[in-house]
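Each chain, letter by letter, is given below.
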Amino acid sequence: MTGMSKRPTTVRYMNLAVTDPGERQALLEAVDAVLGHGQILLGPEVGRFEERVAAFCGRRYAVGVGSGTDALILGLHALGVGPGDEVVTTALSYVANANAPALLGAVPVYADITEDLTLDPASVATCVTDRTRAIVAVDFTGRMADLPALEAIGRHHGIPVIEDASQSFGARLAGRPAGSFGDMACISFNPMKLLAACGEAGVVLTDDEVVRDKVRAFRHNGLVNKEECRWVSHNARLDTIQAAILLARLDRLEAVLTRREAIARRYNEALSGVVVVPRLDDGQERVFYTYQVLAEDRDGLSAHLSARGIENKVHFRYLLPDHPAHAAGARRHYPRAKALGRRNLSLPCHEKMTDDEVERVIAAVREFYARPRGGAA
Ligand SMILES: *Cc1c(COP(=O)(O)O)cnc(C)c1O
């Protein structure tokens, strides 16, 4: 290899700086409009964003909330989840999926995953008891869970299904958009997500007016008519400034998804057989929130990439029931989550990467598996 003496620049896992001048101008104008009209709390951009997201996801109603975590808490609360209830969810996800039911006094029950890292309907079916009050599916990595099968389980038992589409915004399955499945969808728009605020933001999607009105009250200390507190809740409104930013960014989403998919296709072409690559073109239009491979000696590969200036991440180091805060979870049988959770690694895959950076990642992964390695595999 050439140029070994000069250390190449870091391949960033993600870069939240707004580097595109057109995007920067659009965001500054969006913020400027809010500063001008002064409706900082639940201003008109919140309503406009709610309408756009509802239409985008094929739902009747969207309620903008403070974060994806708030969406899960308020959404579960609006479905009546409370102390002693059980909520079945995946063992492999972001910790908000365990915290949200737990904060409501409910018990998270962890079902297993399939080879594509999403919730396994067969395992969910074995987790349902007469205390189950909700099933929360996560479209992990941007790949849609088997939501039709999960909806069928929910219908059979009369249990609401929630689609956590935080990682799949813009994806489609069976002609239906992410966020349209189940009785409710909860979505995060935090700065890492495909549609990203410049701060915290989230939304609850529903077709049910009663649920919509409850979430609207829950995001504002349980107040109805701005005066009477009907339910104990907290403050979790979507900021007008974030809604304005999200509206501006919604117009650019397609470009983000397209670039990420192109990178993912190049990775798949160059890395299949070296590591297990995500499935593509198998009947769903997934998106790439993360590009996760299943790798032998995952931690060795991670260290190898880091040493070459290539940022990478393990999503997630802990299964939900392995977090100390959630050690008292109700279920211990998720063998696939245990096995796959030791092998998955997220490679950088974002719209600001150059083709050269993509090739550097590929070369470094191939190099790791080409050379003889000592120690435990
Ligand atoms: C990001 C994320 C959340 C949490 O969203 P915040 O906006 O950070 O609170 C919840 N669920 C999933 C699957 C996520 O990826």
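I will try to describe carefully the structure that is included in this document. These figures come from a predicted structure and were not determined experimentally.

What counts, and at which threshold
Residues numbered from 1 in each chain as written. Predicted model: local features only at pLDDT ≥ 70, side-chain atom pairs only at ≥ 80, totals over all residues. Heavy atoms only, no water. Helix = DSSP H or I, 4+ residues; strand = E, 2+ residues; numbered from the N terminus. Rg over C-alpha atoms; globule rule 2.2 N^0.38 Å. Contact = heavy atoms within 4.5 Å. Lys, Arg positive; Asp, Glu negative; His and termini not counted. Charge placed at Lys NZ, Arg CZ, Asp CG, Glu CD. Buried < 20%, exposed > 50% of the residue type's maximum accessible area, 1.4 Å probe, protein only. Pairing = 2+ DSSP bridges. 1 Å grid on protein atoms, 1.4 Å probe; cavity = no way out; pocket = protein on both sides within 12 Å on 5 of 7 lines; lining within 4 Å. Points joined across faces, edges and corners; volume = space filled by probe spheres on them. Nonpolar A, V, L, I, M, F, W, Y, C, P; charged D, E, K, R; others polar. Core = buried A, V, L, I, M, F, W, Y, C linked by side-chain atoms within 4.5 Å. Near = heavy atom within 4 Å. Polar contact = N/O pair within 3.5 Å; in protein donor to acceptor, adjacent residues only side chain to side chain. Axes fitted to C-alpha atoms, helices over the stretch in contact; angles between N-to-C directions. Expected span 1.5 Å × (residues − 1). Arc of directions from axis to C-beta.

Observations concerning the overall build of the protein chain
Reasoning step 1: If you tally the helices and strands in the protein chain, you get twelve helices and 14 strands.
Reasoning step 2: Here the C-alpha atoms of the protein chain give a radius of gyration of 21 Å, agreeing with the 21 Å that 2.2 N^0.38 yields for 377 residues.
Reasoning step 3: Projected onto the principal axes, the alpha-carbon positions of the protein chain cover approximately 70 × 55 × 40 Å.
Reasoning step 4: Nonlocal contacts in the protein chain, meaning residues at least 24 apart in sequence, comprise 72% of its contacts between residues at least 6 apart.
Reasoning step 5: Averaging the coordinates of the 45 positive side-chain charges in the protein chain and doing the same for the 47 negative ones gives two points 4 Å apart.

Some points on the pairing of strand β8 (residues 184-188)
Reasoning step 1: Taken across its five residues, β8 has five buried, putting it largely inside the fold.
Reasoning step 2: The two faces of β8 match: M184, C186 and S188 on one face and A185 and I187 on the other face are all buried.
Reasoning step 3: The sheet contact formed by strand β5 (residues 161-164) and β8 spans three bridges and is parallel. Across the sheet, I162 pairs through a bridge with M184, a residue of β8.
Reasoning step 4: One ladder, built from five bridges, connects β8 with strand β9 (residues 202-206); its direction is antiparallel.

Observations concerning empty space enclosed by the protein
A water-sized probe rolled over the atoms picks out the places where empty space is left.
Reasoning step 1: Taken as a whole, this structure holds one cavity of 30 Å³ or more when the rule is applied.
Reasoning step 2: Its volume calculated, the largest cavity comes out at about 50 Å³.
Reasoning step 3: Lining the largest cavity are Y13, M14, M192, R260, Y289, T290 and H315.
Reasoning step 4: For the lining of the largest cavity, the per-class residue count stands at four nonpolar, two polar and one charged.

Here we look at the nonpolar core
Reasoning step 1: In terms of nonpolar packing, the biggest core is built from 47 residues, with F49, F169 and F189 touching the most fellow members.
Reasoning step 2: Apart from residues no more than four positions distant in its own chain, F189 is found in contact with F49, V53, F169, L195, A196, A197, G199, A201, G202, V203 and L246.
Reasoning step 3: In terms of nonpolar packing, the next biggest core, distinct from the first, is built from 28 residues, L345, V358, I362 and V365 among them.

As for the site of the ligand
Reasoning step 1: Taken together, 14 residues surround the ligand, and among them G68, T69, D164, S188 and K193 come closest.
Reasoning step 2: In this structure, an oxygen atom belonging to the ligand sits 2.9 Å away from a side-chain N or O atom of Q167.
Reasoning step 3: Counting only elements with at least two residues in the shell around the ligand, the list comes to α3 (68-78) and α4 (96-103).
Reasoning step 4: Its residues assigned to classes, the shell around the ligand shows three nonpolar, nine polar and two charged.

Brief notes about the environment of A152
Reasoning step 1: Among the structural elements, A152 can be located in helix α6 (residues 147-157).
Reasoning step 2: Residues A152 and G80 lie 72 residues apart in sequence; the distance between their C-alpha atoms is 20 Å.

Side note on the environment of R265
Reasoning step 1: Tracing the sequence through the fold places R265 in helix α9 (residues 253-271).
Reasoning step 2: The exposure class of R265 is partly exposed, given its relative accessible area of 34%.
Reasoning step 3: Taking the C-alpha atoms as reference, R265 lies 8.2 Å from L280; in sequence the two are 15 residues apart.
Reasoning step 4: Those residues in contact with R265 that lie beyond four places of it in its chain are L280 and D281.

Re the sheet that holds β8
Reasoning step 1: Strand order across the open sheet formed by seven strands is β1-β9-β8-β5-β4-β2-β3, with mixed pairing between neighbours. A single partner strand is all that each edge strand has here, and the edge strands are β1 (61-65) and β3 (107-111). In this sheet, neighbouring strand axes are inclined to one another by 25° on average, regardless of whether the strands run parallel or antiparallel.
Reasoning step 2: Against the sheet, α4 contacts β2 (86-90), β3, β4 (132-138) and β5, and its axis sits at roughly 145° relative to β3.

Here we look at helix α12 (residues 355-370)
Reasoning step 1: If you check α12, its first and last C-alpha atoms are 22 Å apart, about what 16 residues at 1.5 Å a residue would give, namely 22 Å.
Reasoning step 2: Turning to α12, its buried residues are E357, V358, V361, I362, A364, V365, F368 and Y369. In an axial view of α12, the angular spread of the buried residues amounts to 160°, which keeps them on one side of the axis. Opposite the packed face of α12, turned more than 90 degrees from it, sit the exposed residues D355, D356 and A370.
Reasoning step 3: Buried residues belonging to α12 abut α9, α10 (298-307) and β14 (344-347).

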